[in-house]
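# Remarks on the overall topology
Chain by chain, the residues run as shown.
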Amino acid sequence: MTTTLAAPAKTGAAPGRRRSRIPHKGAIAFLFLPFGVLFALFYVAPIAYAFWQSLLVVRREGTFGKAELVFGGFAQYVQVFQDSAFWNSMGRMLLFGVVQVPIMLGLALLFALLLDSPLVKGKRFFRLAFFVPYAVPGVIAAIMWGSLFSPNLSPFTAITKNIDFLGADLVLWSIANVVTWVYVGYNMLIIYSSLLSIPTELYEAARLDGAGQWRIAWSIKIPLVRPAIVMTAIFSIIGTLQLLAEPQVFRSFSSAVTSTFTPNMTVFATASIPNTNLAAAFSVVLAVTTFVLSFGFMKYMQRKEQNA
């Protein structure tokens, strides 16, 4: 009697020959295409065009000769790095960000924790009240606060006549007040949405262990919403270096706000001369600085979390 052993069924490819395959590559490419086209048209192309414009210089034959654009290499960037007004504006905005961003995000985190607390009543009202300032356009908010700070327009003359909110010493922080008032609610909603995604079982387990609301917030909520806080911090760093509308409006209220008060105002003033090529060089340097600071902050926070 002979027995025939059945060959073992093939359950898969040999371990050394297994290949990772991505299904539906065509569908992924099709869904990604609209974003890719818009990203290339409205982000990559303008940056490339600005960089090319920054490499051109205007040359004339004689004093009244015809102007023509020629390739000048990095001549515009030499002027950028020699422009003290531009770098003073960069330093001013860095100081602005070091002070204003932590205060704004601290308030946003506090309001988000209050909205998420079971002890607070009327959450819908407070959520709307905190967010309403963000619905006010930045220009309108700057006009409103500029009028409140102006001694001749403010209804609080007893304060504004004794404290010069629009003077050279305080105007930067008056602008910071406007930015904080507008964007606290926006950042609060991002953090609050992250809080809502935390499983409630964690809170129940913490209460069984005897943890109060303060302990739950400090040991559970804040660590779990750290990615949202980091994201809002990166957005705030980018927004700080791009500040334009609020200080531009404050120029009509205060002589301390010059045309080069912020980097973006410097770019705008330079392009209005017009010197679009130098303005393009300013823009490229500003974009690179913004990328380095935001990306560096993100990598620092990631490394800090890995080492924790």
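Report on the accompanying structure. (Residues numbered from 1 in each chain as written. Predicted model: local features only at pLDDT ≥ 70, side-chain atom pairs only at ≥ 80, totals over all residues. Heavy atoms only, no water.)

Moving on, we get to the overall build of the protein chain. Each helix and strand counted, the protein chain has 13 helices and 2 strands in total. Considered along the principal axes of its C-alpha atoms, the protein chain spans approximately 110 × 65 × 35 Å. Relative to its full complement of 308 residues, the protein chain shows a buried share of 33%. Within the protein chain, counting contacts between residues at least 6 apart in sequence, those at least 24 apart form 65% of the total. Averaging the locations of the 23 positively and 11 negatively charged side chains of the protein chain gives two centres separated by 13 Å. (Helix = DSSP H or I, 4+ residues; strand = E, 2+ residues; numbered from the N terminus. Buried < 20%, exposed > 50% of the residue type's maximum accessible area, 1.4 Å probe, protein only. Contact = heavy atoms within 4.5 Å. Lys, Arg positive; Asp, Glu negative; His and termini not counted. Charge placed at Lys NZ, Arg CZ, Asp CG, Glu CD.)

A few words on the side chain of S150. When you line up the elements, S150 lands in the loop between α5 (138–149) and α6 (157–160). Beyond its immediate stretch of four places on either side in the chain, S150 contacts T160, L166 and F253.

Within the largest apolar cluster, 35 residues are counted, with the highest numbers of intra-cluster contacts made by V80, F96, I175, F250, V257 and F261. Elements that contribute at least two residues to this core include exactly α2 (75–82), α3 (84–116), α5, α7 (171–196), α11 (245–250), α12 (263–271) and α13 (276–307). Among all residues touching V80, those that are not within four sequence positions of it are F86, W87, L278, A281, F282 and V285. Listed in part, the 23 residues of the second largest apolar core include M104, L105, A108 and A233. (Core = buried A, V, L, I, M, F, W, Y, C linked by side-chain atoms within 4.5 Å.)

Within the element layout of this structure, V230 appears in helix α10 (residues 226–241). Along the primary structure V230 and M301 are separated by 71 residues, whereas in three dimensions their C-alpha atoms are 7.6 Å apart.

For the rest of this paragraph, the subject is the pattern of salt bridges. Applying the stated rule across the entire model yields 1 salt bridge. Across the pair D116 and K221 runs a salt bridge, and its minimum N-O distance is 2.9 Å. Taken together, the positions of D116 in helix α3 and K221 in helix α9 (residues 213–224) put the pair 105 residues apart, joining distant regions of the chain. The exposure class assigned to D116 is buried, which follows from its relative accessible area of 14%. (Salt bridge = Lys/Arg side-chain N within 4 Å of Asp/Glu carboxyl O.)

Moving on, we get to the packing of aromatic side chains. Scanning all chains against the criterion turns up 20 aromatic pairs. Ring centres of W145 and F149 lie 5.7 Å apart, and the angle between their planes is 35°; on these two criteria the pair is classed as tilted. You can see W145 and its partner F149 sitting in helix α5, 4 residues apart, about one turn around the helix. Of the two residues, W145 and F149, neither departs from the other in class, the shared state being buried. (Phe/Tyr/Trp six-rings, centres within 6.5 Å; stacked < 30°, edge-to-face > 60°.)

For the rest of this paragraph, the subject is unusual backbone geometry. Most peptide bonds take the trans form, and the phi angle of most residues other than glycine is negative. Here I273 and P274 are connected by a cis peptide whose omega angle stands at 5°. Within the secondary structure, P274 sits in the loop between α12 and α13.

In an α-helix, one full turn covers 3.6 residues, which means residues spaced three or four apart are oriented alike. Taking 1.5 Å of rise per residue, 16 residues should cover 22 Å, and α10 covers 23 Å from first to last C-alpha, within 8% of that figure. Residues A228, V230, T232, A233, I234, S236, I237, T240 and L241 constitute the buried set of α10. Of the surrounding secondary structure, the elements contacted by the buried residues of α10 are α3, α7, α12 and α13. (Expected span 1.5 Å × (residues − 1).)

What follows deals with α13. Over its 32 residues, α13 extends 46 Å from the first C-alpha to the last, a length consistent with the 46 Å expected when each residue adds 1.5 Å. Along α13, the residues classified as buried are N277, L278, A279, A280, A281, F282, V284, V285, L286, T290, S294 and M301.

Attention now moves to the packing of α12 against α13. Where α12 contacts α13, the two axes come as close as 8 Å, and the packing angle between them is 165°. In terms of orientation, α12 lies roughly antiparallel with respect to α13. For the pair α12 and α13, the sense of crossing is left-handed. Mapping the contact onto sequence places P263, N264, T266, V267, T270 and A271 in α12 and T276, L278, A279, F282, S283 and L286 in α13. Its residues assigned to classes, the contact of α12 with α13 shows 7 nonpolar, 5 polar and no charged. (Axes fitted to C-alpha atoms, helices over the stretch in contact; angles between N-to-C directions. Parallel < 35°, antiparallel > 145°, perpendicular 65-115°, else oblique. Left-handed = near helix turned anticlockwise from the far one by under 90°. Nonpolar A, V, L, I, M, F, W, Y, C, P; charged D, E, K, R; others polar.)

What follows deals with the packing of α3 against helix α4 (residues 123–135). Packing of α3 against α4 brings their axes to within 10 Å, and their N-to-C directions diverge by 160°. In this view, α3 runs roughly antiparallel relative to α4, as classed from their interaxial angle. The chirality of how α3 crosses α4 is left-handed. Here F111, L115 and D116 of α3 come into contact with α4, specifically with K123, F126, R127 and F130. Broken down by class, the residue content of the contact of α3 with α4 amounts to 4 nonpolar, no polar and 3 charged.

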